[in-house]
Amino acid sequence: MQKYFENGDTMAIAQDMLGHTFSYKSDQGNFSGIIVETEAYLGPIDMAAHSYNGRHTKANDPLYQAGGTIYIYSIHSWLDMDISVQKAGTPNGILIRALQPLDGIDLMETNRGRTNFEVTNGPAKWMAAFGIKDKTLSGTALNADNFIFSDKKVQTPKNILATPRIGVKNKEPWTSKDMRFIVEGNPYVSKLPKRDMNLDTYGWL
């Protein structure tokens, strides 16, 4: 799995992740979902990245580790998760923004206090749905223990849309760059208007 996250262009990997499953084995149970939305962050050159200008702290150190390392961080008291991309020392990351639930849906709804698309249609939402409440597992490797990324896609997007990233303000030219990737029409994509939801195919082939 390390090779998957190290041997390609970060933007291309962020798009290819759509349709793969992401799973979490916890004491509460097993959770999984299909990745439907990602954002790419290009490290030291990217004004929106936590490693912009080479910033390197204990907290963001997972970004500097081998590709496929989990990076959990706080945003306004919520938790988000990036996957480190590129070889150790090149701190690129991909934010998993939204998932279409597969396993553990009842537990997800309980954890979130929500039902239907609101359960996992955002980066902090799916984290809460999976019952991830702290940063304990930040720095752990994908497919080594708690977190599993599927080797192959389980669904293929009919169309992938690229848009500017969410919440990246006053950081031009990076604010306007199309570095967010979504499965067009998937109702679990964050901030998707109802008129744009494809409730027949969910945007898959």
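Every value quoted in this text rests on a predicted model; they were computed, and no experiment measured them. (Residues numbered from 1 in each chain as written. Predicted model: local features only at pLDDT ≥ 70, side-chain atom pairs only at ≥ 80, totals over all residues. Heavy atoms only, no water.)

## Structural notes on the overall build of the protein
Let me state the cut-off plainly: Helix and strand definitions follow DSSP, with helices as H or I runs of at least four residues and strands as E runs of at least two, each counted in order from the N terminus. Restricting the calculation to C-alpha atoms gives the radius of gyration, and the globule rule supplies 2.2 Å times the number of residues raised to the power 0.38. Under the scheme applied here, a residue whose accessible area is under 20% of the maximum for its type counts as buried, over 50% as exposed, and between as partly exposed, the area being computed with a 1.4 Å probe on protein chains only. When checking whether two residues touch, look at their non-hydrogen atoms; a contact exists if any pair is within 4.5 Å. Positive charge is attributed to Lys and Arg, negative charge to Asp and Glu, and no charge count is given to His or to the chain ends. Note on charges: their place is set at NZ of Lys, CZ of Arg, CG of Asp or CD of Glu.
Of regular secondary structure, the protein possesses four helices and eight strands. Counted from the first residue to the last, the protein has its helices and strands arranged as α-α-β-β-β-β-β-α-α-β-β-β. In terms of overall dimensions, the protein is globule-like: its C-alpha atoms have a radius of gyration of 16 Å, near the 17 Å expected for 205 residues. The dimensions of the protein, computed from C-alpha atoms along their principal axes, are 45 × 40 × 35 Å. A buried classification covers 49% of the 205 residues belonging to the protein. Looking at the protein alone, contacts between residues at least 24 apart form 60% of all its contacts between residues at least 6 apart. Charge separation in the protein, taken as the distance between the mean sites of 22 positive and 22 negative side-chain charges, equals 4 Å.

## Section: the pattern of salt bridges
In plain terms, the rule: A pair is scored as a salt bridge if a Lys or Arg side-chain nitrogen falls within 4 Å of a carboxyl oxygen belonging to Asp or Glu.
Across all of its chains, the model carries six salt bridges by this definition. Through salt bridges with shared partners, one network takes in Glu37, Glu39, Arg97 and Arg180.

## A short note on the side chain of Ser150
Put simply, the rule reads: Throughout this description, a polar contact denotes any pair of N or O atoms lying within 3.5 Å of each other; where both atoms belong to protein, one of them has to be capable of donating a hydrogen while the other can accept it, and for residues adjacent in sequence the pair is counted only when both atoms sit in side chains.
Relative to the helices and strands, Ser150 is located in the loop between strand E6 (147-149) and strand E7 (160-164). Within the local environment of Ser150, its side chain forms a polar contact with the backbone nitrogen of Thr21, the two atoms lying 2.9 Å apart. Leaving out residues up to four positions away in the same chain, Ser150 has contacts with Met1, His20 and Thr21.

## Points about the pairing of strand E5 (residues 92-103)
Cut-off, in case you're wondering: When DSSP finds two or more bridges between two strands, those strands count as paired.
Most of E5 is tucked away: 10 of the 12 residues are buried. In this sheet, E5 lies alongside strand E2 (residues 30-41) in antiparallel orientation, the contact comprising nine bridges. Note on E5: the bridge partner recorded for Tyr41 is Gly93. Pairing geometry for strand E4 (residues 78-85) and E5, over four bridges, is antiparallel. Note on E5: the bridge partner recorded for Ser84 is Gly93. Turn length for the E4-E5 hairpin, with the two strands adjacent in sequence and antiparallel, is six residues, and the turn residue Gln86 shows positive phi of about 85°.

## Points about the nonpolar core
General note: in soluble globular proteins, nonpolar side chains tend to be found buried as a group. Defined as follows: Buried Ala, Val, Leu, Ile, Met, Phe, Trp, Tyr and Cys residues that are joined via side-chain atoms within 4.5 Å together make up what is termed a nonpolar core.
Within the largest apolar cluster, 43 residues are counted, with the highest numbers of intra-cluster contacts made by Phe22, Met81 and Phe130. When near neighbours in sequence (up to four residues on either side) are disregarded, Phe130 contacts Phe22, Tyr24, Gln28, Phe31, Ser32, Gly33, Leu99, Met108 and Asn111. Listed in part, the nine residues of the second largest apolar core include Ala48, Leu63, Tyr73 and Val168.

## As for the environment of Tyr4
Residue position: Tyr4 is located in helix H1 (residues 2-6). For Tyr4, a relative accessible area of 23% puts it in the partly exposed group. For the pair formed by Tyr4 and Val85, sequence separation is 81 residues and the distance between their alpha carbons is 8.8 Å. With sequence-adjacent residues up to four places away left out, Tyr4 is seen in contact with Ile13, Asp16, Met17, His20 and Phe149. Only 2.7 Å separates the side chain of Tyr4 from the side chain of Asp16, close enough to count as a polar contact.

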